[in-house]
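Commentary on secondary and tertiary structure
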Amino acid sequence: MDRAERHGRGSALDDLTWVSLMMRTGFLVLMPFLVTGLMLAVLFVFSGNAWGNPSDQATANRDRLLRTNACVSCDLKGVNLAGQNLLGADLRQADLSRADLRGSFLIGANLKGARLVGVDLSDAVVGGTVMSGADLQGSNLSGANGNRTSFTQANLTGVDFSGALLERADLEGANLREANFRDADLYEARFLFAEMGKTDFSGANLHAADFSEAQVSGMRTDASTTCPDLKPGPCIFQ
C-alpha cells in the first residue's frame, strides 16, 4: 500500500472517529432531556387525574351515583356534578377531591368522613348535610347555603366560606385555620373547641354564635363584623 492510499484510509478513519465522537457527545447532551420527557409522559399517562380529569372508574361511579343516589367509599375524583340534584345522597367515605359541585343540591346528604379536598361547592345547597369528619381542605363554599350543616371534627383548613349562609351550622372541633368567613351569616353557629389561626370573620354575622372553648385568639374580626352580643366588631371575648 503506497503512502497516498494509507493517507486516504487514515483520513477516512479519522472522519469516522470524529463523526462517532460527535454522535456520542450529542447523545450525552440530549440524554437528560430525553429522560425528562419520558418521565413526564409516564406521569401524564398514569396520573392524568391530577389535572382534574376523572378516571374511567370515577366516571362510571358518577353514573351509578346519579342512577342510585348512593356511592359509599367510591372514587369520584374530579367528576362534574355541577347543578345535580343529590338530595339525601349517601356519599359516606367517598373521595370527591377536585369534583365540580357548583350549584348542586345536597340537602340532607351524608358525606361523613368523605374526602372533599379542593372541591368547588360554590352556590351549592348543602343545608342539613352531614360532613362530620370530612376533609374539605382548600375547598370553595362561597355563597353556599349550609344552614344546619354538620361540620363537626372536619378539616376546613383554607376553606372559602365567604358570603355563605351557615345559620345554626355545627363546627364543633373543626380545624378552621386560614378559613375565610368574610360576610358569611353564622347566626347561632356552634364553634365549640374549634381550632383557629388567621381565620377571617370580617363582615360576618356572629350573632348568638357559640365560641365556648374555641381558640378565639386566632380569629380576625373588624368593624363590619356583628359580634355574638350584637355589638359591632372587633369582637372581644371574655
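All of these numbers come straight from a predicted model, not from anything done at the bench.

**Notes on unusual backbone geometry**
Residue Gly233 is joined to Pro234 through a cis peptide bond whose omega torsion reads -5 degrees. Tracing the sequence through the fold places Pro234 in the segment after strand E2 (219–220). The phi dihedral of Gln153 is positive, around 60 degrees, even though this residue is not glycine. With respect to the helices and strands, the residue Gln153 is situated in the loop between helix H2 (56–68) and strand E1 (199–200). Gln153 sits in the exposed class, given a relative accessible area of 55%. Located in the positive-phi region is Leu230, a residue other than glycine, with phi close to 75 degrees. Within the secondary structure layout, Leu230 lies in the segment after E2.

**A word on the side chain of Thr149**
Its place among the elements puts Thr149 in the loop between H2 and E1. Since its relative accessible area comes to 0%, Thr149 is described here as buried. Reaching out from Thr149, the side chain makes a polar contact with the backbone oxygen of Val126 at a distance of 2.6 Å. Polar side-chain contacts of Thr149 include one of 3.0 Å to the backbone oxygen of Gly146.

**Looking at the state of the cysteines**
Enumeration according to the criterion identifies two disulfides in this entry. With a sulfur-sulfur separation of 2.1 Å, Cys227 is cross-linked through a disulfide to Cys235. Across the S-S bond of Cys227 and Cys235 the torsion is about -100 degrees, and the bridge reads as left-handed. Both residues of the pair, Cys227 and Cys235, belong to the buried class. Each disulfide in the chain links cysteines that, numbered along the sequence, combine into the pattern 1-2, 3-4.

**Concerning the environment of Ala134**
You can see Ala134 is positioned in the loop between H2 and E1. The class of Ala134 is buried, set by a relative accessible area of 1%. Linking Ala134 and Lys112, residues 22 residues apart in sequence, is a C-alpha distance of 5.8 Å. Contacts of Ala134, omitting those with residues within four sequence positions, involve Leu111, Gly113, Ala114, Leu116, Ala154 and Asn155.

**A word on the pattern of salt bridges**
Two side chains of opposite charge can pair, provided their charged atoms sit close to one another. One pass over the structure, following the stated rule, counts 12 salt bridges. Note that Arg190 is salt-bridged to Asp170, the shortest N-O span being 2.8 Å. Of the two residues, Arg190 sits in the loop between H2 and E1 while Asp170 sits in the loop between H2 and E1, which places them 20 residues apart along the sequence. Through salt bridges that share partners, Asp100, Arg102 and Asp120 make up one connected network.

**A few points about the confidence of the model for the chain**
Averaged over every residue, the pLDDT of the chain is 87; residues scoring 70 or more account for 78%. Contacts for the low-pLDDT stretch residues 40–51, under 50 throughout, to residues beyond four places or in other chains number nine contacts.

**Some thoughts on the nonpolar core**
Counting 56 residues, the largest nonpolar core has Leu96 and Phe191 as the members making the most contacts within it. Sequence-distant contacts of Phe191, that is, excluding residues within four places in its chain, are made with Leu171, Leu176, Leu186, Met196, Phe201, Ala209, Asp210, Phe211, Ser212 and Ala214.

**Focus: the side chain of Thr129**
Summarising the element assignment, Thr129 is placed in the loop between H2 and E1. By relative accessible area, Thr129 is classed as buried at 0%. Here Thr129 is in contact with Leu106, Ile107, Gly108, Ala109, Leu111, Thr149 and Ser150, once residues within four sequence places are set aside.

Rules behind the numbers
Residues numbered from 1 in each chain as written. Predicted model: local features only at pLDDT ≥ 70, side-chain atom pairs only at ≥ 80, totals over all residues. Heavy atoms only, no water. Helix = DSSP H or I, 4+ residues; strand = E, 2+ residues; numbered from the N terminus. Buried < 20%, exposed > 50% of the residue type's maximum accessible area, 1.4 Å probe, protein only. Polar contact = N/O pair within 3.5 Å; in protein donor to acceptor, adjacent residues only side chain to side chain. Disulfide = S-S within 2.5 Å. Contact = heavy atoms within 4.5 Å. Salt bridge = Lys/Arg side-chain N within 4 Å of Asp/Glu carboxyl O. pLDDT = per-residue confidence, 0-100. Core = buried A, V, L, I, M, F, W, Y, C linked by side-chain atoms within 4.5 Å.

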